[in-house]
Protein chains: 2
Amino acid sequence: MAGGSGTRFWPYSRKSRPKQMLNILSEKSMLQMTIDRLQKLHNVEDILIVTRADLADSIRKHVSGVPTENIIIEPEGKNTAPCISLAALHIAKRKKNSIMGVFPADHLIVGYKEFQKAINTASFLANKDNSLVTIGIQPTFPSTAYGYIQYKTKSEMDHMNAYSVKAFAEKPHLGLAKRFLKSEDFLWNGGIFIWSIDAFMKNINSHMPELNDQIIKISKRINKGVGFDDIWKTIKPESIDYGLMEKAKDIIVVKAKFEWSDLGSWNIIHDNSPKNKDGNTIRGDGLIIDGINNFVQSDRQFIALLGLDNVVVISTDDATLVVTKDRVEEVKKVVKYLQDDKKENLL
Amino acid sequence: MAGGSGTRFWPYSRKSRPKQMLNILSEKSMLQMTIDRLQKLHNVEDILIVTRADLADSIRKHVSGVPTENIIIEPEGKNTAPCISLAALHIAKRKKNSIMGVFPADHLIVGYKEFQKAINTASFLANKDNSLVTIGIQPTFPSTAYGYIQYKTKSEMDHMNAYSVKAFAEKPHLGLAKRFLKSEDFLWNGGIFIWSIDAFMKNINSHMPELNDQIIKISKRINKGVGFDDIWKTIKPESIDYGLMEKAKDIIVVKAKFEWSDLGSWNIIHDNSPKNKDGNTIRGDGLIIDGINNFVQSDRQFIALLGLDNVVVISTDDATLVVTKDRVEEVKKVVKYLQDDKKENLL
């Protein structure tokens, strides 16, 4: 899934250069790192990338190895459930009863061995029981930015670190997140899913019948080689978590121990960056005088910070953002203003 | 006097473009506004500009009207006393016993009529009594950024708003500044002086004999058409206030009511700028969300501020400064760092 708009990283991310295409943590982009990771598990010919029409061309030039026909275009973003359904259609056309894995293209994963083990176990279980399988990440702190998965600790599959899912929980408040962490039967929902096309489509049919009908219509159009933008337009945006996972039964979660982050804001980038003794990070050229816990990133300009703590400064060629660390989530408000003000060159 | 280095306005001001050459408050530079103001009082041929060697060429191109030979070069900045002495030398060479006026090239003055009245009175008194005359500005708030002049309220010249000076006071603390304002016998020291060359040189001889000797040597060199950098190098930097005004006797102050500011920091520029209802000023393109009393100036970039109060952001092509309003005076520390780090292109 590589269709995100990446407004959280404005001004570094833009409509034409969302987070998955940024080399935000290393010299490689998040998307390329995701492809590299999956390529070690599977043939690159079996990797499909779903993205927005306006991004398809630059993604084609951006990624190496993935065949052009594997870039699937969503006419517009409709959240994850329609996106995954469209991918399922394309996979089904290639080979009936395939096992499908769903991976966000803009997440940080450190620890390839643990990742491989978890995905292999999940594939095995998805194939064996025709279950919906998800990957749960062992939490390391009481995050309020992530969804959680509660599981039944008694399991016949615990030699595989696999458990039945009890419930999906949305982003909790801090108190609740602390209880989740303490109770030891909660995992982070990393947005990675493994299932057979068959099991997935059955579940879509049961829990999202409207989407199911629309996907069947789209399937027919694709078979005839006809566009489906008009049908896609009528699809209600919905996340796979809310639309399917929270409703489906008999979901299996595989507990994984790799280091994971959705890299949802500049704060998380700062957390994952080297810092000096004052907790400051400067990427690019700059100077911080009398300030602690600041994150500065600059493409080109020299940035001088004087007397400020807990501030994020992001400087690009045509725009600079200055935001307190407790407000980084609200960068979207700036993007909204630029949209309303039709400042297309800054979006 | 147009030799200032303008580090307080970094990154907008640079070594090659100090404050006096910036159009910081209107479309005209501070220097050009000063010349315009004086040109209404006197022939432009009688206006001398004293500046640093490295600035002379750009000042020559920058100002209109002032003859090239009227640009006097200080080999290096030595504060105001040597600067004014050098100017006095040049004026004496042109015409003995002239009345000389000293004007900083980077101050804000609003109210031309009041300015004219004060300068004419001062010139009259400087001529009549051979006194040192200074202009005192009626204070409008208890400034801690300005020096003060205390005067004897009983005066035979009070029909001219002219008084004998009792004392010069350095920048006071706030409590003292409030008392100064309340006592009504204190004026701001605006750094404007009017005197005959004769009276000035006599006073330099009495109170700064070392400088007097050096100036006499320099005078001989100039008459021979020989350079004097070696003598200038040995001159001790000293302000005219500390070196002469605080020591001299029988100084007259003319009380003036024009609006005046030394524009000593971005805060003062903010004070003198239009603001929105939240006290924010944006010069250039930008957006402030949930913030009050901020000053943003940008040459080129779009600047977004989110969740910050009392912050100054100055964006130029190659550098951006972010500083809290209570630390703007410390911008010099950034310049010092750039000097030490030999980042010449940013100075």
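Rules behind the numbers
- Residues numbered from 1 in each chain as written.
- Chains lettered and ligands numbered in written order.
- Predicted model: local features only at pLDDT ≥ 70, side-chain atom pairs only at ≥ 80, totals over all residues.
- Heavy atoms only, no water.
- Helix = DSSP H or I, 4+ residues; strand = E, 2+ residues; numbered from the N terminus.
- Buried < 20%, exposed > 50% of the residue type's maximum accessible area, 1.4 Å probe, protein only.
- Contact = heavy atoms within 4.5 Å.
- Buried area = accessible area lost by both parts, 1.4 Å probe.
- Salt bridge = Lys/Arg side-chain N within 4 Å of Asp/Glu carboxyl O.
- Polar contact = N/O pair within 3.5 Å; in protein donor to acceptor, adjacent residues only side chain to side chain.
- Nonpolar A, V, L, I, M, F, W, Y, C, P; charged D, E, K, R; others polar.
- Pairing = 2+ DSSP bridges.
- Axes fitted to C-alpha atoms, helices over the stretch in contact; angles between N-to-C directions.
- Parallel < 35°, antiparallel > 145°, perpendicular 65-115°, else oblique.
- Expected span 1.5 Å × (residues − 1).
- Least-squares fit on C-alpha atoms with pLDDT ≥ 70 in both.

J.: I'd like to hear about the side chain of T121 of chain B, residue by residue, with values.
T.: Residue and element names in this part refer to chain B. One can find T121 in helix α4 (residues 112-129). The exposure class of T121 is buried, given its relative accessible area of 14%. Apart from the residues lying within four places of it in its own chain, the contact partners of T121 are M160 and V254.

J.: How would you explain the interface of chain A and chain B if you had to name every residue and give the values?
T.: You'll often see interface size given as the accessible area lost when the parts meet. At the interface, 36 residues of chain A touch 36 residues of chain B. The junction of chain A with chain B conceals about 2,800 Å² of combined surface from both sides, 61% of it contributed by carbon and sulfur atoms. For the pair chain A and chain B, the interface holds 6 salt bridges. Two residues, D317 of chain B and R300 of chain A, come together in a salt bridge whose shortest N-O distance is 3.5 Å. The interface formed by chain A and chain B contains 23 residue pairs in polar contact (both at pLDDT 80 or more). Among the secondary structure elements, those contributing two or more residues to the side of chain A that touches chain B are β12 (286-289), β14 (302-306), β15 (311-315), β16 (319-324) and α11 (331-340) of chain A. If you tally residues by element for the side of chain A that touches chain B, the top one is β16 of chain A, at 6 residues. Looking at the side of chain A that touches chain B residue by residue, the classes come out as 20 nonpolar, 7 polar and 9 charged. Relative to strand β16 (residues 319-324) of chain B, β14 of chain A runs parallel, the two being bridged by 5 bridges. The partner of A304 of chain A across the bridge, within β16 of chain B, is L321 of chain B.

J.: Describe the packing of helix α6 (residues 197-207) of chain B against helix α7 (residues 209-224) of chain B, and please don't skip the residues or the numbers.
T.: Residues and elements named next belong to chain B. Packing of α6 against α7 brings their axes to within 5 Å, and their N-to-C directions diverge by 125°. In terms of orientation, α6 and α7 fall into the oblique class. Contact with α6, carried on its side by M201, I204, N205, S206 and H207, involves P209, L211, N212 and I215 of α7 and no other residues of that element. Looking at the contact of α6 with α7 residue by residue, the class counts come to 5 nonpolar, 4 polar and no charged.

J.: Describe the pairing of strand β3 (residues 99-102) of chain A, with residues and values.
T.: Residue and element names in this part refer to chain A. The alternating pattern of β3 places M100 and V102 on a buried face, while none of I99 and G101, on the opposite face, is buried. Relative to strand β8 (residues 186-196), β3 is paired through 4 bridges, and the arrangement is antiparallel. In the sheet register, I99 faces β8, and the bridge partner there is S196.

J.: Describe the sheet that holds strand β15 (residues 311-315) of chain B, naming the residues involved and giving the relevant values.
T.: What links the strands of a sheet is backbone hydrogen bonding, and the strands pair in either a parallel or an antiparallel sense. Here 6 strands make up an open sheet; going across it, the order is β12(A)-β14(A)-β16(B)-β15(B)-β13(B)-β11(B) and the pairing mixed. Every other strand in the sheet has two partners, leaving β12 of chain A together with β11 (281-283) of chain B as the edge strands with one partner each. Shown here is a sheet whose adjacent strand axes are inclined to one another by a mean of 5°, direction ignored. Pairing of strand β13 (residues 295-298) of chain B with β15 of chain B, which is carried by 4 bridges, proceeds in the parallel orientation. Counted as the bridge partner of S298 of chain B is S315 of chain B from β15 of chain B. Sheet strands touched by helix α11 (residues 331-340) of chain B: β12 and β14 of chain A together with β16 of chain B. Its angle to β14 of chain A, the strand with the most contacts, is close to 140°.

J.: Describe in detail the environment of I35 of chain B, supporting the description with residues and values.
T.: Residues and elements named next belong to chain B. Here I35 lies in helix α1 (residues 30-39). Taking C-alpha positions, I35 is 8.1 Å from A105, a pair spaced 70 residues apart along the chain. For I35, the residues in contact, after removing those within four places along its chain, are I47, I49, V63 and V66.

J.: Give me the environment of L41 of chain A: which residues, what numbers.
T.: All names here are of chain A. Checked against the element boundaries, L41 lands in the loop between α1 (30-39) and β1 (49-52). The sequence separation of L41 and A169 amounts to 128 residues, and the corresponding C-alpha distance is 30 Å. With residues near it in sequence (within four places) discarded, L41 still touches Y112, F115, Q116, I119 and N120.

J.: Would you mind going over the pairing of β16 of chain B in detail, with residue names and values included?
T.: Residue and element names in this part refer to chain B. Counted residue by residue, β16 has 6 buried out of 6 residues, so it is predominantly covered. Because side chains alternate across β16, one face comprises the buried residues A319, L321 and V323, and the other comprises T320, V322 and T324, equally buried. Pairing between β15 and β16: 5 bridges, direction antiparallel. Residue pairing for β16: V311 is matched across the bridge by T324. Remark: 3 residues form the turn of the hairpin made by β15 and β16, two consecutive strands paired antiparallel.

J.: Talk me through α4 of chain B; I want residue IDs and the actual numbers.
T.: Taking 1.5 Å per residue as the helical rise, α4 of chain B with its 18 residues ought to reach 26 Å, and the 26 Å between its terminal C-alpha atoms agrees with that figure. One or two residues past the end of α4 of chain B sits N130 of chain B, with phi positive at roughly 55°.

J.: Explain unusual backbone geometry to me, and be specific about the residues and the numbers.
T.: Most peptide bonds are trans, and most residues other than glycine sit at a negative phi. Residues and elements named next belong to chain A. In the segment running from W10 into P11, the intervening peptide bond is cis, with an omega of 5°. Tracing the chain through its elements places P11 in the segment before α1. A positive phi is found at N79, a non-glycine position, where the angle reads about 70°.

J.: Explain the sheet that holds strand β14 (residues 302-306) of chain B to me, using residue names and the numbers behind them.
T.: Strand order in the open sheet formed by 6 strands is β11(A)-β13(A)-β15(A)-β16(A)-β14(B)-β12(B), and the pairing between neighbours is mixed. On the outer flanks of this sheet lie β11 (281-283) of chain A together with β12 (286-289) of chain B, each paired with one strand and no other. Across the sheet, the mean angle from the axis of one strand to that of its neighbour is 5°, orientation sign disregarded. Two strands pair when backbone bridges link them, and β11 of chain A and strand β13 (residues 295-298) of chain A are joined in this way by 3 bridges, in the parallel orientation. Within the sheet, the bridge partner assigned to T281 of chain A lies in β13 of chain A and is F295 of chain A. Lying on the sheet, α11 of chain A is in contact with β16 of chain A together with β12 and β14 of chain B; it crosses β14 of chain B at an angle near 140°.

J.: A description of the relation of the copies chain A and chain B should follow, citing residues and the corresponding values.
T.: Of the transformation superimposing chain A on chain B, the axial component is 0.0 Å and the angular component is 180°, with the fit at an RMSD of 0.1 Å. Given the turn and translation reported, the copies of this chain are related as if by a two-fold rotation axis. The share of interface residues of chain A whose copies in chain B are also at the interface is 100%, consistent with both copies meeting through the same surface.

J.: Hey, could you go over the pattern of salt bridges for me, with residue numbers and the actual values?
T.: Side chains carrying opposite charge are able to pair once their charged atoms draw close together. For the coordinates displayed, the defined rule picks out 36 salt bridges over all chains. With its nearest N and O atoms 3.4 Å apart, the salt bridge here joins D106 of chain A to K19 of chain A. Separated by 87 residues along the polypeptide, D106 of chain A in the loop between β3 and β4 (108-110) and K19 of chain A in the segment before α1 bring together distant segments of the chain. The residues D106 of chain A and K19 of chain A share a single accessibility class, namely buried. Of the charged contacts, one joins E330 of chain B and R327 of chain B as a salt bridge, the two residues approaching to 2.8 Å between their closest N and O atoms. Here the salt bridges do not stand alone but share partners, grouping D290 of chain A together with R327, E330 and K333 of chain B into one network.

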